[in-house]
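Residue strings, one per chain:
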Amino acid sequence: MKPVRTITSKTVVLPTRDIDTDQIIAARFLTTTSREGLGKNAFHDLRYDKDGTPRADFVLNRPEADGCSILVAGNNFGCGSSREHAPWALLDYGFEAVISTEIADIFRNNALKNGLVAIVVDAATHAWLLDNPGVALTIDVEGTTIKLPDGRKVPFALDRFARYCLVEGLDQLGFLQKHVDDIVRYEETRPWTP
Amino acid sequence: MSTPTTLFEKVWAEHVVVPETADTPAVLYVDLHIIHEVTTPQAFSVLRASGLPVRRPDLTLPTLDHSTPTTPVSTFKDLLVAGEGAANQVRQMERNCEEFGLELLGYGSGKRGIVHVIGPELGATQPGKTIVCGDSHSSTHGAFGALAFGIGTTEVGHVLATQCLLQRKPKTLAVDVDGTLPQGVTAKDVILAVIGRIGVDGGTGHVIEYRGEAIRALGMEARMTICNMSIEGGARAGMIAPDDTTFDYLQGRERAPAGDAWEAAVTRWRMLRTDDGAAFDKSVTIDATRLMPMVTFGTNPGMVVGIDEPVPSGGDASFRKALDYMQVEPGQPMTAYGVDVVFVGSCTNGRLSDIEEAARVLEGRKVADGVRMLVVPGSERVKAEAEARGLDRIILAAGAEWREAGCSMCIGMNGDIAQPGQLSVSTSNRNFEGRQGIGARTVLASPATAAASAVEGRVADPRKYA
Ligand code: SF4
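Definitions and cut-offs
Residue indices follow the written sequence of each chain, beginning from 1 at its first position. Working convention: letters from A go to chains and numbers from 1 go to ligands, in the order in which they are written. In keeping with the model being predicted, local features are shown solely for residues with a pLDDT of at least 70 and side-chain atom pairs are shown and tallied solely at 80 or more, while totals for entire chains, interfaces and linings include all residues. With hydrogens and water set aside, each side-chain value is computed from the structure's full complement of heavy atoms. Helix and strand definitions here come from DSSP, where helices need a minimum of 4 consecutive H or I residues and strands a minimum of 2 consecutive E residues; each element is numbered from the N-terminal end. Summary of the burial criterion: residues with accessible area below 20% of their type's maximum are buried, those above 50% are exposed, and those between are partly exposed, where the area comes from a 1.4 Å probe applied to protein chains only. Residue contacts follow a heavy-atom distance rule, with two residues in contact if any of their heavy atoms lie within 4.5 Å. The convention is simple: Lys and Arg are positive, Asp and Glu are negative, and His and the chain ends are not counted. Here the site of a charge means NZ on Lys, CZ on Arg, CG on Asp, or CD on Glu. For this purpose, a residue is taken to be near a molecule or strand whenever a single non-hydrogen atom of the residue falls within 4 Å of it. Here a cavity is any set of points on a 1 Å grid over the protein atoms alone where a 1.4 Å probe fits but cannot get out, and a pocket is any open set with protein on both sides within 12 Å along at least 5 of 7 lines; a residue lines the site when it has an atom within 4 Å of a point. Here the criterion for a molecule occupying a pocket or cavity is that more than half of its atoms lie within 2 Å of the pocket grid points. In the scheme used here, Gly and all other residues not listed as nonpolar or charged are polar, with Ala, Val, Leu, Ile, Met, Phe, Trp, Tyr, Cys and Pro taken as nonpolar and Asp, Glu, Lys and Arg as charged. Two parts placed together each lose some accessible area under a 1.4 Å probe, and adding up what both lose gives the buried area. A pairing counts as a salt bridge when a side-chain nitrogen of Lys or Arg comes within 4 Å of a carboxyl oxygen of Asp or Glu. Fitting a line to C-alpha atoms yields each axis, with helices limited to the stretch in contact; the angle taken between N-to-C directions then spans 0 to 180 degrees. In a left-handed crossing the near helix is turned counterclockwise from the far helix by less than a right angle, and in a right-handed crossing that turn is clockwise. In this analysis, strands are considered paired if DSSP registers two or more bridges between them. Grid points are joined across faces, edges and corners, and a volume is the space filled by probe spheres set on the points. Here a polar contact means two N or O atoms within 3.5 Å. Within protein one must be a hydrogen donor candidate and the other an acceptor candidate, and residues neighboring in sequence count only if both atoms are side-chain atoms.

Our focus in this paragraph is the overall build of chain A. When its secondary structure is counted, chain A shows eight helices and seven strands. The C-alpha extent of chain A, read off along each of the three principal axes, is 60 × 45 × 25 Å. The buried share of chain A, reckoned over its 194 residues, is 55%. Intrachain contacts of chain A at a sequence separation of at least 6 include 64% that bridge at least 24 residues. Between the averaged position of the 22 positive side-chain charges in chain A and that of its 27 negative side-chain charges there is a distance of 2 Å.

Below, the discussion takes up unusual backbone geometry. Even without a glycine there, the phi angle at Asn 76 of chain A is positive, about 65 degrees. With phi around 85 degrees, Ser 346 of chain B is a residue other than glycine that occupies positive phi space. Relative to the helices and strands, Ser 346 of chain B resides in helix α13 (residues 346-349). Residue classification places Ser 346 of chain B among the buried residues on the basis of a relative accessible area of 1%.

Right, let's talk about the site of the ligand for a bit. Residue and element names in this part refer to chain B. Around the ligand, the structure places His 66, Ile 114, His 116, Asp 135, His 137, Ser 346, Cys 347, Cys 407, Cys 410, Ile 411, Asn 429 and Arg 435. The site holding the ligand turns out to be the largest cavity. Residue composition of the shell around the ligand, by class: five nonpolar, five polar and two charged.

Let's shift gears to the interface of chain A and chain B. Where the parts come together, the accessible area they lose is often given as the size of the interface. Taken residue by residue, the interface counts 53 residues in chain A and 64 residues in chain B. Roughly 5000 Å² is buried in total at the junction of chain A and chain B, and carbon and sulfur atoms are behind 58% of that figure. If you sort the residues of chain A by the area they bury against chain B, Leu 176, Tyr 186 and Trp 192 of chain A come out on top, with a joint share of 13%. For the interface between chain A and chain B, the tally reads eight salt bridges. Two residues, Asp 316 of chain B and Arg 17 of chain A, come together in a salt bridge whose shortest N-O distance is 2.6 Å. Among the elements that make up the side of chain A that touches chain B, the one with the highest residue count is helix α8 (residues 180-189) of chain A (six residues).

Another aspect to go through is the packing of helix α2 (residues 41-50) of chain B against helix α4 (residues 84-99) of chain B. Residue and element names in this part refer to chain B. Two elements in contact, α2 and α4, have axes separated by 11 Å at closest approach and are oriented at 35 degrees. The two elements α2 and α4 meet at a crossing, and its hand is left-handed. Two secondary-structure elements touch here, α2 through Pro 41, Phe 44 and Arg 48 and α4 through Gln 92, Met 93, Asn 96 and Glu 99. Classifying every residue of the contact of α2 with α4 gives three nonpolar, two polar and two charged.

Another point: helix α14 (residues 352-362) of chain B. All names here are of chain B. Counted residue by residue, α14 has eight buried out of 11 residues, so it is predominantly covered. Every buried residue belonging to α14 is among Leu 352, Asp 354, Ile 355, Glu 357, Ala 358, Ala 359, Val 361 and Leu 362, and all of these are buried. Of the residues trailing α14, Gly 364 is marked for its positive phi of about 75 degrees.

Residues and elements named next belong to chain A. One open sheet holds the seven strands; their spatial order is β4-β3-β2-β1-β5-β6-β7, and the pairing between them is mixed. The sheet is open, and its two edges are formed by β4 (117-120) and β7 (153-155), each paired on a single side. Going from strand to strand, the sheet's axes swing by 30 degrees on average, the running direction of each strand aside. Relative to strand β5 (residues 136-140), strand β1 (residues 6-14) runs antiparallel, the two sharing five bridges. Bridge assignment links Ser 9 to a residue of β5, and that residue is Leu 137.

All chains considered together, the criterion is met by 38 salt bridges over all chains. With a closest N to O distance of 3.3 Å, Asp 182 of chain A and Arg 185 of chain A form a salt bridge. Placement of both Asp 182 of chain A and Arg 185 of chain A in helix α8 is noted, with a separation of three residues, approximately one turn of the helix. By relative accessible area, which is 21% here, Asp 182 of chain A ends up partly exposed. Glu 20 of chain B is paired through a salt bridge with Arg 168 of chain B; the nearest N and O atoms lie 3.0 Å apart.

Turning next to the layout of surface pockets. In this model, the largest pocket occupies a volume close to 1100 Å³. Elements that contribute at least two residues to the lining of the largest pocket include exactly β1, α1 (21-24) and α2 (44-47) of chain A together with α12 (317-326) of chain B. Classifying every residue of the lining of the largest pocket gives 17 nonpolar, 11 polar and 16 charged. Put simply, the second largest pocket is a space of about 910 Å³. As for the second largest pocket, its lining consists of 32 residues, of which Asp 105, Arg 108 and Asn 109 of chain A together with Arg 168 and Gly 205 of chain B are closest to the centre. Of all the secondary-structure elements, those providing two or more residues to the lining of the second largest pocket are α4 (105-113), β4 and α6 (160-168) of chain A together with β6 (147-150), β7 (164-167) and β9 (206-211) of chain B. Counting residues per element, the lining of the second largest pocket draws most heavily on α4 of chain A, which supplies five residues.

It is worth spelling out the side chain of Glu 121 of chain B at this point. Residues and elements named next belong to chain B. Checked against the element boundaries, Glu 121 lands in helix α5 (residues 115-122). The side chain of Glu 121 sits in the buried core without any salt bridge; Arg 381 is the nearest counter-charge, 5.2 Å away. Within the local environment of Glu 121, its side chain forms a polar contact with the side chain of Ser 379, the two groups lying 2.9 Å apart. Leaving out residues up to four positions away in the same chain, Glu 121 has contacts with Tyr 249, Arg 253, Ser 379, Arg 381 and Val 382.

Enumeration over the complete set of coordinates arrives at three cavities of 30 Å³ or more. Put simply, the largest cavity is a space of about 180 Å³. Forming the walls of the largest cavity are 21 residues, and the residues nearest its centre are His 66, Asp 135, His 137, Ile 411 and Arg 435 of chain B. For the lining of the largest cavity, a count of residues per class yields seven nonpolar, 10 polar and four charged. In this model, the second largest cavity occupies a volume close to 80 Å³. Together, Asn 76, Gly 78, Cys 79, Gly 80, Ala 104, Asp 105 and Ile 106 of chain A together with Val 200, Thr 204, Ile 231, Gly 234 and Arg 236 of chain B line the second largest cavity. For the lining of the second largest cavity, a count of residues per class yields five nonpolar, five polar and two charged.

And the structure:
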């Protein structure tokens, strides 16, 4: 994984609540054996009508969304299925961070493991971000703050291990493998075997 | 005396290999890892690229379910019914299992089926185990007093390589369902009511423990229906303390302990309960006596009403968007709407008792004109058992389809879908936009409600068939 330290971008706002991972990447696109190339189908049924024509009123299809890598979404983003294809699709599309008031557990875990920074902010900051689409933000992952256009820095909570992995670009499998002796000892000494 | 602890805490504590600190999550041991074709290919690629073996093939249970067609399969051509990508995924899974020395419960095994159906039916799902799968409905296995949750593909790779996961300890939420359920009200109605109450994010960061008289009275398949949908309330896991109902279900199953080991296991399992006085982070109480058959009206499982209650009005822009998508009006009950497709199946309601419940309503009746009804057993075993009881004949005589085991219309990535705009009454777990096909409108319900709706051609109250 590439280290992720700061992200500077304008925001794109999707205010709908409870956007589930089926919306982010529909099941019919999961018949792949690769992680690559899912971006073109991210939010597919919101982006395109049934003839495959882009819906002009959908926010990602507007010119001002071009190049934006910070997604501000309604409460409880990423609920539903555990498909890691959802963060893969968002990253491949070009997003580097998603901000909401709540982010579903499995999605958040998957996102952080892939370098997509999933950020939960307080309700007031969220409301302001929803009301002001397209503002430029700087996310400082190491300092866990978001710098707003007026220079104010809003702190956000991020698990310390997740932060460390993002900043260092650390692969968590390598971290787990360092515990192989502990794992062997656990297997040998547990009171019952599965 | 030691501090009283919850069921969850007991199972968690037993599986901590390395405790968590402020800087690092716990290393948690996994006792059973169930895998399927959709969320594993990229994990096997990582193993292959790093030259790593699967650490514990004996604790890994692979099957094929999500992208398999529900028509008979004996050749590759038969798989293509689900599309080329799906067919290739199935073949890739077969190759991966062979390469990594895993026993795949695939075609020809007689044991293939939905991940959350086969674990319990083999007796591999047991009290006190940690169980994970690259599927969010892994919470199902918590019905046995296991700690079970869904993981992503990167984590699937972690478990394959190390049999462990990095996890922060979640919080606990007690859901007490007191009293006895009225006639004609099922486990599906209970869990839909629970989600309606706590909301689709009410359980985020928590493990639910379902307790109370109404839960204790349920059989294992009904308990699985409850735990299955914990994730629809945002909780990664849901648990029910094991009891004699649990042990009776497991005894004699092929992967359950036998002989002296059985006695020892039951003694250990009896300890798996929440101590009196143990504290939960949150709790909710539901009065079972006031529950009724439930149906969803919107585009998430928390948007739910009683079968004869009106769809609520008001709500914010997201709420109105959901009603628009569903083409339902506030103030009308869901029984006002005609039905195009009915689906009985999935890891929520694709077990023998679910198919019996649907067949009981269908017996001697006909699926209404213009309605397509699919009944899809959750596993090859469920299919065989249902056929041994003649349920297939009742279903076929009613004019419904009796299909091969798989996830089918729950996920719509295997050829089984509803058409744009069609209204589907479904016993599955997600009514998200497009889940059952582009533009498909899903109403979640119990097998009895689904079957009654098929017969009447509109969303229907099952109690008159009880
Ligand atoms: S039946 Fe549906 S929810 Fe269950 S495992 Fe299959 S796709 Fe997932």
